[in-house]
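Here is how the chains run, residue by residue.
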Amino acid sequence: MKAQAEIVIVLAALILVITLVTIVFQTGLNSPDITNLASVFRDEVNRRLYEGSFDIVKTISLQGGVLDPVPNSVDLAGTKVAYWQMCQNKALPSLADIRKNIKLGIERFVSNLNINDFQGKKASLSLKDLDIIIRNQDILATFTLNTNLAGYDLDPLYEIRIPANLAEVYNFASDFVDDNVQKRHFERFLLSLMFRTDENILPTSGVLTKCGQAIIRTWDDVQEQIEKLRDYSFVNTVFWASGNDEFKYYIPALNGKKYDSLKINFLGSDLTRSNLQSSRNPISIINSKTISIVAPYCIKDYRVDYSLNSPVAVKVTGTPDYSFNFAILPFIDNNKIGKCSGQQAFSYGSDICTEAKCDVKLSVLDVNDRPIPNTQVNFGACSVGKTDFSGQVKGKVPCGISELVVSNPKYTYFADVVSSKSIPEKIKLTKLPTININFYRADVIRTLSYVLNTPSYGEIERVNIGQIQGDYIFAKFKSKTASPWSQREFILVNAGLNKSTVTSQVVDFLSPDNYTVEVSTMKRATYKYQVCDTGLGGTGIAKDCKTKSAPTVFNGKMVFDFEIKEGTKDIYITSLIPAESETRQEQTDFDYTSNIAEVSKCFDPISTTKPREVCTL
């Protein structure tokens, strides 16, 4: 009995202890202080989960969908961006791969989320499960996170909504890469801009037609211009629209879809010698003296090829504070859209011009020993520079034998093969002639009478001489003695409408020769013309003029033949056009060619002192 009594006492004590512990536990859990603290603690955990998860999503998005930078990436503005396309090859990750990276990144974040104390109470967190759902306008992250505060287990479920429209952005990026692999938008637009650029700024292909004409561009010049064109192409690529502006590039849709809510920008890295090269370095194109006797021209065709494989980052802005980057590698291979298996670095040989070591100093003068400023001096492929106001230029050239070219558009050129040790100290150039082409029209008016109400035209009554009125469209010089291959236009004279005189610097008239000038006309007319050797004197009258016979017609153009002599200053071209008025209709049956002798005294000499002269016969 005694033993049984002791057992009963012990059991009663145990029951009492358990009851007291349970009461204490329940009282503590249900106390207002612990309940409020638990709510505040969960809010803090929610906040940290949101900020950390959003940072992970942003980082992965800026790096092209990868959690950790990969070797196949490019460094742009301090961020490693993964390539999704290299030339004709796609390398984009799947949306499932990006989801895995987001999940892994958030798991890493939570594992480092050490909260051991919260407002003096012991706390702990441990991740049990994480689910990531990428929706069209946001990302939903659901956590099962064992949470303990002050020895009490709290609700383990947390749900975070991240405002990032990753699904929509990914669909655009995927469609863009699919489309760009086929159409290579960047290469097409940049190449079109390169071929539209002034050849003196970025030479691609063409013909130099003036003796001594030169195009000199260093690698730095090329780099600066192509970088400008590339940046221009970034800004002027227009999405979701069509147009015909040749200086814009339109992408109306991708796989039949438009993403109007997204903002697309392009970023490029610096162009360096490892990702940009030209077929000539430096570019030195010099139209030097011809050795052909039958072709008194200087004609030089040229071609310069460029290669470029500089990466481009595509930045897509979706919801506020959210952007996604991915990189592509456009590749231009010798002025053509190229193929590649990966990024490659171009190699360059030494630049002979920047490493030039032989000194040169020379003066450029005219026949009267006066300095000629602004004259270009080249030695082989290298530019020495332009002469200053005193006609001098100095610099360094590669040591050895090469062609020395001195050119100024207003003077004869100099070209000779010399040694760097024997470059002359002085070079003299002769000033080239300037030809003034004066256009006139002459309205020929005859006496008029009527026979049985039918107009009858008699003798020439007078000739009204004045400026042209839109009859001439253009004129150009050609040499009659040139060989067929060089029969190309090398001077274009735009007379324009309602202009009586045009002036052209005739660079290639170095010796007397027979030339023709072709003039298109908008009306039927008969022409006569004069060549004046001494030009206009102080009285304003052309002197030493020789009247030529009527021109021939070739391919619908009036062709005037004349000889350019030394000292020739002016050419006068006059058209004989029947007068038009209410009482005098245009004549079609009058042979003005045979009557040129009759009206020649109205033209010889031609006066330029009056805007219009009436000649009465």
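Structure's up top.
Residues numbered from 1 in each chain as written. Predicted model: local features only at pLDDT ≥ 70, side-chain atom pairs only at ≥ 80, totals over all residues. Heavy atoms only, no water.

(A) Quick peek at empty space enclosed by the protein. Tallying each qualifying case throughout the model produces 4 cavities of 30 Å³ or more. Within this model, the largest cavity holds a volume of roughly 90 Å³. Along its surface, the largest cavity is lined by Phe186, Glu187, Leu190, Arg230, Ser233, Phe234, Leu308, Ser310, Val312, Pro330 and Ile332. Those elements that place two or more of their residues in the lining of the largest cavity are helix H5 (185-196) and helix H6 (219-235). Looking at the lining of the largest cavity residue by residue, the classes come out as 7 nonpolar, 2 polar and 2 charged. (1 Å grid on protein atoms, 1.4 Å probe; cavity = no way out; pocket = protein on both sides within 12 Å on 5 of 7 lines; lining within 4 Å. Points joined across faces, edges and corners; volume = space filled by probe spheres on them. Helix = DSSP H or I, 4+ residues; strand = E, 2+ residues; numbered from the N terminus. Nonpolar A, V, L, I, M, F, W, Y, C, P; charged D, E, K, R; others polar.)

(B) Spotlight on the nonpolar core. If you look at the biggest cluster of nonpolar residues, it comprises 80 residues, and the most contacted ones within it are Ile102, Phe143, Phe172, Phe176 and Phe326. The contact partners of isoleucine 102, leaving out residues within four places of it in the chain, are Ile56, Val57, Ile60, Ile132, Ile134, Ile139 and Leu166. In terms of nonpolar packing, the next biggest core, distinct from the first, is built from 17 residues, Val377, Leu404, Val418 and Leu429 among them. (Core = buried A, V, L, I, M, F, W, Y, C linked by side-chain atoms within 4.5 Å. Buried < 20%, exposed > 50% of the residue type's maximum accessible area, 1.4 Å probe, protein only. Contact = heavy atoms within 4.5 Å.)

(C) Fine view of unusual backbone geometry. Cis peptide bonds are those with omega within 30 degrees of zero, and the linkage from asparagine 281 to proline 282 qualifies with 0°. In this structure, tryptophan 240 is a non-glycine residue whose phi angle is positive, near 65°. Within the element layout of this structure, tryptophan 240 appears in the loop between strand S11 (237-239) and strand S12 (249-251). For tryptophan 240, a relative accessible area of 13% corresponds to the buried category. At asparagine 335, a residue that is not glycine, the phi angle is positive and equals roughly 65°. Note that asparagine 335 resides in the loop between strand S20 (332-333) and strand S21 (336-337).

(D) Summary view of the environment of phenylalanine 324. With respect to the helices and strands, the residue phenylalanine 324 is situated in strand S19 (residues 323-329). Taking the C-alpha atoms as reference points, phenylalanine 324 and alanine 164, 160 residues apart in sequence, are found 9.6 Å from one another.

(E) Region of the structure containing the packing of H5 against H6. Interhelical geometry of H5 versus H6 gives an angle of 130° and a closest axis separation of 10 Å. It follows from the interaxial angle that H5 and H6 lie oblique. At the point where H5 passes H6, the crossing takes the right-handed sense. On H6, the residues that touch Phe186, Phe189, Leu190, Leu193 and Met194 of H5 are Ile226, Leu229, Arg230, Tyr232, Ser233 and Phe234. Its residues placed into classes, the contact of H5 with H6 shows 9 nonpolar, 1 polar and 1 charged. (Axes fitted to C-alpha atoms, helices over the stretch in contact; angles between N-to-C directions. Parallel < 35°, antiparallel > 145°, perpendicular 65-115°, else oblique. Left-handed = near helix turned anticlockwise from the far one by under 90°.)

(F) The arrangement of the packing of aromatic side chains in detail. Counted according to the given criterion, the structure contains 18 aromatic pairs. By way of ring pairs, the aromatic residues Trp84, Tyr170, Phe172, Phe176, Phe186, Phe234, Phe239, Trp240, Tyr259, Phe266, Phe324 and Phe326 are connected into one cluster. (Phe/Tyr/Trp six-rings, centres within 6.5 Å; stacked < 30°, edge-to-face > 60°.)

(G) A look at the side chain of asparagine 335. The buried category is assigned to asparagine 335, whose relative accessible area is 8%. Reaching out from asparagine 335, the side chain makes a polar contact with the side chain of aspartate 305 at a distance of 3.2 Å. Excluding its chain neighbours within four sequence positions, the residues that come into contact with asparagine 335 are Leu191, Met194, Phe195, Arg303, Val304, Asp305 and Tyr306. (Polar contact = N/O pair within 3.5 Å; in protein donor to acceptor, adjacent residues only side chain to side chain.)

(H) Structural context of the environment of tyrosine 411. Among the secondary structure elements, tyrosine 411 is positioned in the loop between strand S26 (401-407) and strand S27 (414-419). Note: C-alpha distance between tyrosine 411 and threonine 375 (36 residues apart in sequence) is 9.4 Å.

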